[in-house]
Every structure is written in structure tokens, then in C-alpha cells.
Amino acid sequence: MDVYGLLGNPVGHSLSPPMHEAGYEKLDIDARYVTFEPPVEKGAEAVESAAMLGVSGLNVTIPFKQDVLDAVEPDDIAARIGAVNTIDFSTDPPTGYNTDAAGLVRAFEHHGVSLEGQAVLVGAGGAGRAAAFALADEGMTVGIANRTVEKGVDLAADVTESAVDGTASGHALDTLSELLADADVLVNATSVGMEEDRSPVPEDALHGDLAVLDAVYSPIETRLLREAAAAGATTVDGAWMLLYQGVEAFERWTGEDAPVDAMNEALRAHLE
Ligand code: ATR
């Protein structure tokens, strides 16, 4: 039996175990997905221990996504983002991936959204970094609006320096209406709207030519998505990004095409 798991602290309420185990069941893979909660300063050591114990793969979440870089060989985009959320132990040293980036792209693809033109990203934290590199690597021009402006400006400089194709710039939140006027894509990577009826974006800045992804998945329909839908925009809820980062991890670990529908069903059953 193969063992996969999630490394985080805390990990108690994770949706990854049911999502991945639905995938193993569907493909008749003899595997389990469990959660590990080491002390916060022990991320890299936990990865070394997992390797020693024969764990096949780990997802990594807060607060370990940066720390585990010391214990893996990151692929190109994980190294540029500076964070790893998926580890494959079939190589020595283990390989570190950032499937949040690919997951965001596949969530848009699932909804028929082509990532061309101008993107507006709200937020420059961990999720924001992954989104910024993902959108720029697709060739988009990315305007990053963040409460702490300097953080967005710094992220934009990192992205512009190393993106495969696109460029980025940093802005204050009060420029969002201006940024959105000609935008094709909007991503919320802040925590605004999580368990609260608030949106990080002024309602009257939303329009029908936008595709809007909210990384917040609790609630599934955030205020931002509700207002975006009312404005005629295409909406992509945060569960799609959660799903596809998991799908990307599943495929790297097993070498099989993930049973996306089964994983999606299991995930949404636990979100409702
Ligand atoms: P994550 O890993 O989920 O991205 P994070 O790294 O703590 O979490 O980042 C949280 C993001 O939400 C940041 O962009 C943060 O803005 P700051 O960089 O200014 O802290 C943003 N954020 C959190 N609360 C916010 C609020 N009330 N208004 C606007 N932005 C907020």
C-alpha cells in the first residue's frame, strides 16, 4: 500500500484526504492519504523522516511551504515562486512542485477561459505569489493590487524578472477600478470574503468581459463571485483551484490521468 499525506499545522479540517482517496478508489490504486502535523519549526526534518519511512508523496501547506525547500529539489516554477506544495519521493532528493500554479491554470481551462491579455490579481501572499507566476507564465500582463503595496511591487519585480512570457506591475487597492476596466481575468488571492460577506473588489468595477476566480472556497459562492455573476462575468469558485492543485499532485505521484469527476464530487460533498 502506498502512503500519501498532507504536511501542515494545523491540518485538522483538510479536504485533501477524501478528495485523493476518491481518486484511488476510482482507479483501484492501493493507497491511503493521511495528515501529518509536525511542530511548526520542523518542516524540513518531517520531509526527511517521511522519505525514510517510505511515504510516496506529500502535499504541503501552511506554515511549511517555504521551509521544505531545504529538503527537496524544486522544479523550475516552484523555485521561482519560492514555495512547494507537493513532494514526490520517487526521486532522490525528493522533487518539490508547486501545483497551486498549474491548478489555477487548469481551473480556468475547465471553464473555457483562455489566459490571454490582462489579468488583475488581488493579494500578494502565498496564494498570490503562485497565481502571479502562473498567469505571467501563460503570457498575461498581470496587475497586482495589494493592501501592503510594497509587497505587490516586490512580487511584480520577481515575476517580471523570471516569467516565461508575461510581465507584472504592483499597485494599491484603490486603483482596482482603473486596473479592471480593460482586464480579461481577475483573481482574488486574499482572505477577504472567507467566512464573511465582504468583497475585496468594488462592485461597480466588475463587468461582463471578465473571468473571475476567487481562491476563497468557504463559502463556495463568495460575495465577489455573486457580484461578478450579476455583472455577467464568468465565475470560477475556489473549490476548482483546490481540486486542480490536487489533481496535478495526483497525476505527478501516480503517473495516471486523475479521475477529475470523482475527486470533484468527493471534494464538493465535504464542502456542502
Ligand atoms: P495566503 O498564503 O493564503 O496567501 P497570506 O500569505 O497571509 O495568506 O496572504 C494574505 C493576503 O491577503 C495578503 O495579500 C494580504 O495583504 P497584505 O499583504 O497587505 O497583508 C491580504 N489581506 C488579508 N486581509 C486583508 C484585508 N482585510 N484587506 C485587504 N487585503 C487583505
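Residues numbered from 1 in each chain as written. Predicted model: local features only at pLDDT ≥ 70, side-chain atom pairs only at ≥ 80, totals over all residues. Heavy atoms only, no water.

### Describing the overall build of the protein
So, point 1. Tallying secondary structure elements over the protein gives 10 helices and 12 strands in all.
So, point 2. Over its C-alpha trace the protein gives a radius of gyration of 18 Å, about what one expects of a compact globule, namely 19 Å for 272 residues.
So, point 3. Principal-axis analysis of the C-alpha atoms places the extent of the protein at approximately 55 × 35 × 30 Å.
So, point 4. Burial status across the protein gives 51% buried among its 272 residues.
So, point 5. Relative to all contacts within the protein whose residues are 6 or more apart in sequence, the contacts with residues 24 or more apart total 67%. (Helix = DSSP H or I, 4+ residues; strand = E, 2+ residues; numbered from the N terminus. Rg over C-alpha atoms; globule rule 2.2 N^0.38 Å. Buried < 20%, exposed > 50% of the residue type's maximum accessible area, 1.4 Å probe, protein only. Contact = heavy atoms within 4.5 Å.)

### Description of unusual backbone geometry
Glycine aside, residues mostly have negative phi angles, and peptide bonds mostly take the trans form.
So, point 1. Cis geometry is adopted by the peptide bond preceding Pro-63, which originates at Ile-62 and carries an omega value of 10°.
So, point 2. By the secondary structure assignment, Pro-63 is in the loop between strand S3 (57-60) and strand S4 (73-74).
So, point 3. Ser-218 connects to Pro-219 through a cis peptide bond whose omega is 10°.
So, point 4. As for its placement among the helices and strands, Pro-219 is situated in the loop between strand S11 (211-214) and helix H8 (223-230).
So, point 5. Positive phi, normally seen in glycine, also occurs at Asp-28, with a value near 60°.
So, point 6. By the secondary structure assignment, Asp-28 is in the loop between helix H1 (16-27) and strand S2 (31-36).
So, point 7. The backbone phi angle of Glu-195 is positive, close to 55°, even though this residue is not glycine.
So, point 8. Within the secondary structure, Glu-195 sits in the loop between strand S10 (185-188) and S11.
So, point 9. Relative accessible area serves as the criterion here: at 61%, Glu-195 is assigned to the exposed category.

### Let's talk about the site of the ligand
So, point 1. In the region of the ligand, 15 residues are neighbours, and Ala-127, Asn-146, Arg-147, Thr-148 and Lys-151 sit closest.
So, point 2. The separation between an oxygen atom of the ligand and a polar main-chain atom of Ala-124 is 3.0 Å.
So, point 3. Contacts to the ligand include Gly-126, whose backbone N or O atom sits 3.0 Å from an oxygen atom.
So, point 4. A breakdown of the residues in the shell around the ligand according to their chemical character gives 5 nonpolar, 7 polar and 3 charged. (Near = heavy atom within 4 Å. Polar contact = N/O pair within 3.5 Å; in protein donor to acceptor, adjacent residues only side chain to side chain. Nonpolar A, V, L, I, M, F, W, Y, C, P; charged D, E, K, R; others polar.)

### Quick word on the environment of Ala-156
So, point 1. By the secondary structure assignment, Ala-156 is in helix H6 (residues 149-162).
So, point 2. Note on Ala-156: relative accessible area 3%, which makes it buried.
So, point 3. Separated by 27 residues in sequence, Ala-156 and Ala-183 have C-alpha atoms that sit 17 Å apart.
So, point 4. If near-sequence neighbours (up to four positions away) are discounted, Ala-156 is found in contact with Ile-144, Ala-168, Ser-169 and Gly-170.

### Things to note about the pattern of salt bridges
So, point 1. Tallying each qualifying case throughout the model produces 14 salt bridges.
So, point 2. Residue Lys-42 is joined to Glu-45 by a salt bridge in which the shortest nitrogen-to-oxygen separation is 3.7 Å.
So, point 3. Relative accessible area serves as the criterion here: at 44%, Glu-45 is assigned to the partly exposed category.
So, point 4. The salt bridge involving Arg-268 is made with Asp-237; its shortest N-O contact spans 3.0 Å. Here Arg-268 is found in helix H10 (residues 260-271), whereas its partner Asp-237 is found in the loop between strand S12 (234-236) and helix H9 (238-254), with 31 residues between them in sequence. Asp-237 shares its class with Arg-268; the two are buried.
So, point 5. A single network of salt bridges, built from pairs that share partners, joins Arg-106, Glu-248, Glu-251 and Arg-252. (Salt bridge = Lys/Arg side-chain N within 4 Å of Asp/Glu carboxyl O.)

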